[in-house]
Amino acid sequence: MATPPFGVAVESADKSQQSFERIDPETPLVDVMGGAARWQRKVHEHGFVALVDAMPRLVPQGKTADFAIVQAARVSYGQGTKHINEDRGLVRYLLRHRHTTPFEMVEFKFHMAMPIFIARQWIRHRTANVNEYSARYSIVPDRFYRPSLESVRQQSSSNRQGGEGVVEADTAEKFLALLEKAESNYREYLELSEKGVARELARVALPVSVYTEWYWKCDLHNLLHFLSLRMDAHAQEEIRVYASAMFDLIREIVPVTCEAFADYQLKSMRLTRLEIEAVRSGLPLGTDNKRELAEWEAKRAQLGL
Ligand SMILES: Cc1cc2nc3c(=O)[nH]c(=O)nc-3n(C[C@H](O)[C@H](O)[C@H](O)COP(=O)(O)OP(=O)(O)OC[C@H]3O[C@@H](n4cnc5c(N)ncnc54)[C@H](O)[C@@H]3O)c2cc1C
């Protein structure tokens, strides 16, 4: 074969490089999503979370995608994993001891729609691959997030970043009326876009309650990190529902990892040196920091102390 002008051979001269061996699986392979195009859950009135793909998508019959974690761990630890001869035990050991790279061998691709104020929190998670709807290119659909009248939260007195309880009914009504006013910009947004205002500018008039959507791909290790932060009680309720939906979707595919994640991260607690001292000595926590004392009280209650 002639070498093209750029000096790159388009066909290898070494014929042995052109063939490969095709090896059939020892056990028949099955689709972890059961042949579905997507698994989807509705979130709020207009949002959704859909799992559209997974890696591995095909697993040996009788196994779950957890098998890819075990497979990777066994290549890295080799003989060292001989004593942990059971797959479930190995996955749990790896997660407990934060041996994280085997969990990066599993990936999930989601398609989701969420309000922009939630997308702003979400996009802070830098380890995912994201492809978002372009409001420069297309008109933004007419979808806005609105809480129900009964769920307009009151500003928390203890957590400056949070809400707790609900406001009185007339205040909630006024807030919903304000949201409606913000949404009413949409009509003029459409009109002015039609009159020639560039979409990239016209969108500036829309409130952050408007929905966007994206494809979001992440490996399991980083997805668990995302879930541990966004399923936590300190995360905003509107993002927590998305995170919980994602957890429910992947639980079907990596059940062993999800169980270990719940046991060792989601439902576990970390004790500080001062807290360990307090448990050992039975004395109060050795600090006068109000926030630390309050956190210790919450942990004591959880521990039933
Ligand atoms: C309850 C809550 C409140 C928050 N409040 C605020 C706020 O008020 N203001 C605000 O700005 N943000 C806020 N955040 C966002 C927060 O600070 C993090 O940006 C966000 O949670 C993403 O976390 P991460 O960086 O660990 O995750 P990812 O970006 O997913 O990264 C995962 C891990 O990868 C590593 N990593 C990724 N990129 C880098 C890098 N460039 N350099 C070094 N290590 C990297 C880190 O170990 C990181 O933990 C809040 C988050 C939560 C959950």
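The rules behind these values
- Residues numbered from 1 in each chain as written.
- Predicted model: local features only at pLDDT ≥ 70, side-chain atom pairs only at ≥ 80, totals over all residues.
- Helix = DSSP H or I, 4+ residues; strand = E, 2+ residues; numbered from the N terminus.
- Rg over C-alpha atoms; globule rule 2.2 N^0.38 Å.
- Buried ≥ 20, exposed ≤ 12 C-beta atoms within 10 Å, placed from the backbone.
- Contact = placed C-beta atoms within 7 Å.
- Domains from an automatic or database assignment.
- Near = placed C-beta within 6 Å.
- Nonpolar A, V, L, I, M, F, W, Y, C, P; charged D, E, K, R; others polar.
- Core = buried A, V, L, I, M, F, W, Y, C linked by C-beta atoms within 7 Å.
- Pairing = 2+ DSSP bridges.
- Axes fitted to C-alpha atoms, helices over the stretch in contact; angles between N-to-C directions.
- Expected span 1.5 Å × (residues − 1).
- Parallel < 35°, antiparallel > 145°, perpendicular 65-115°, else oblique.
- Left-handed = near helix turned anticlockwise from the far one by under 90°.

Trainee: In this structure, what is going on with the overall build of the protein? I would like to understand it.
Mentor: Counting secondary structure elements, the protein contains 11 helices and nine strands. Relative to the compact-globule value of 19 Å for 305 residues, the protein shows a C-alpha radius of gyration of 25 Å, a clear excess of over 25%. Each principal axis of the C-alpha atoms in the protein carries an extent, and together these give about 75 × 75 × 40 Å. Across the 305 residues of the protein, 22% fall into the buried class. A separation threshold of at least 6 residues defines the contact pool for the protein, and within that pool the share at least 24 residues apart is 65%.

Trainee: Looking at this structure, how should I read the domain arrangement of the protein?
Mentor: By domain assignment, the protein separates into domain 1 (24-144 + 210-268), domain 2 (146-208) and domain 3 (270-305). Computed over C-alpha atoms, the centres of domain 2 and domain 3 are 40 Å apart.

Trainee: What is the right way to look at the site of the ligand in this model?
Mentor: As a matter of local geometry, the ligand sits amid Arg124, His125, Arg126, Thr127, Asn222, His225, Phe226, Leu229, His234 and Ala235. For the shell around the ligand, a count of residues per class yields three nonpolar, five polar and two charged.

Trainee: Where do I start with the nonpolar core in this structure?
Mentor: Soluble globular proteins tend to bury their nonpolar side chains together. Counting residues in each nonpolar core, the largest one holds 50 residues, and the members touching the most others are Ala65, Ile69, Tyr242 and Met246. Counting residues per element, this core draws most heavily on helix α8 (residues 237-251), which supplies seven residues. Not counting the four nearest positions on each side in its chain, Ala65 is found in contact with Val32, Ala54, Pro56, Val59, Val106, Ile253 and Val254.

Trainee: What am I meant to see in the sheet that holds strand β6 (residues 129-132) here?
Mentor: Two modes of strand pairing occur in sheets, parallel and antiparallel, and in both the strands are linked by backbone hydrogen bonds. Strand order in the open sheet formed by five strands is β2-β3-β5-β9-β6, and the pairing between neighbours is antiparallel. The open sheet has two edge strands, β2 (39-43) and β6, and neither has a second partner. Across the sheet, the axes of successive neighbouring strands diverge by a mean angle of 20°, strand direction being ignored. Pairing between β2 and strand β3 (residues 47-55): five bridges, direction antiparallel. Looking at β3, one finds that Trp39 is bridged to Leu51. Contacting β5 (107-115) and β9 (211-219), helix α7 (residues 220-230) crosses the sheet at an angle of about 130° to β9. Across the sheet, α8 is in contact with β2, β3 and β5; its angle to β2 comes to roughly 160°.

Trainee: When you look at helix α4 (residues 169-183) in this model, what are you seeing that I'm missing?
Mentor: Structural remark: α-helix, 3.6 residues per turn; residues separated by three or four positions point the same way. Spanning 15 residues, α4 covers 21 Å between terminal C-alpha atoms, matching the ideal 21 Å at 1.5 Å per step. Counting buried positions along α4 yields zero of 15 residues, so the element is predominantly exposed.

Trainee: Could you clarify how one ought to interpret unusual backbone geometry in this entry?
Mentor: The general pattern is negative phi for most residues beyond glycine and trans for most peptide bonds. Going from Met55 to Pro56, the amide bond is cis rather than trans, its omega being 0°. Phi at His44 takes a positive value of approximately 55°, unusual for a residue other than glycine. With respect to the helices and strands, His44 occurs in the loop between β2 and β3. Positioned with a positive phi, Arg98 is a non-glycine residue whose angle comes to about 55°. Inspection of the secondary structure assignment puts Arg98 in the loop between α2 (87-96) and β5.

Trainee: Would you mind showing me how to read the packing of α2 against helix α9 (residues 255-266) here?
Mentor: The angle between the axes and the distance between the axes are what describe a pair of packed helices. Look at α2 against α9: their axes get within 9 Å of each other, and the N-to-C directions meet at 40°. Regarding the angle of α2 to α9, the classification is oblique. The way α2 lies across α9 gives a crossing that is right-handed. Contacts between α2 and α9 involve Arg88, Val91, Arg92, Leu95 and Arg96 from the former and Val256, Thr257, Ala260, Phe261 and Tyr264 from the latter.

Trainee: What's the story with the environment of Glu292 in this structure? I'm lost.
Mentor: With respect to the element layout, Glu292 can be found in helix α11 (residues 290-303). Separated by 18 residues in sequence, Glu292 and Leu274 place their C-alpha atoms 9.8 Å apart. If near-sequence neighbours (up to four positions away) are discounted, Glu292 is found in contact with Leu285 and Thr287.

Trainee: Explain the environment of Asp66 to me, please; I cannot follow it from the model alone.
Mentor: Structurally, Asp66 can be placed in the loop between β4 (58-60) and α1 (67-77). As a C-alpha pair, Asp66 and Leu227 span 161 residues in sequence and 18 Å in three-dimensional space. Here Asp66 is in contact with Asp87, Val91, Val254, Val256 and Thr257, once residues within four sequence places are set aside.

Trainee: Got a minute to help me understand the pairing of β3 in this structure?
Mentor: Regular strands show a simple pattern: their side chains alternate between the two faces of the sheet. If you look at the hairpin formed by β2 and β3, you'll find three residues sitting between the two strands, and His44 has a positive phi there, around 55°. Where β3 and β5 come together, seven bridges link them in antiparallel fashion. Of the residues in β5, the one forming a bridge with Leu51 is Phe110.

Trainee: Just to check I follow, could you spell out α9 for this structure?
Mentor: Taking 1.5 Å of rise per residue, the 12 residues of α9 would be expected to cover 16 Å, yet its terminal C-alpha atoms sit only 14 Å apart, more than 12% below that figure. Within the span of α9, buried status applies to Val256, Thr257, Cys258, Ala260 and Phe261.

Trainee: How do you make sense of the environment of Tyr264 when you look at a structure like this?
Mentor: Relative to the helices and strands, Tyr264 resides in helix α9. With 14 C-beta atoms packed within 10 Å, Tyr264 lands in the partly exposed category. Measuring from C-alpha to C-alpha, the distance between Tyr264 and Thr101 comes to 17 Å, with 163 residues separating the pair along the chain. If we ignore the near neighbours within four places in the chain, the residues touching Tyr264 are Leu95 and Arg96.

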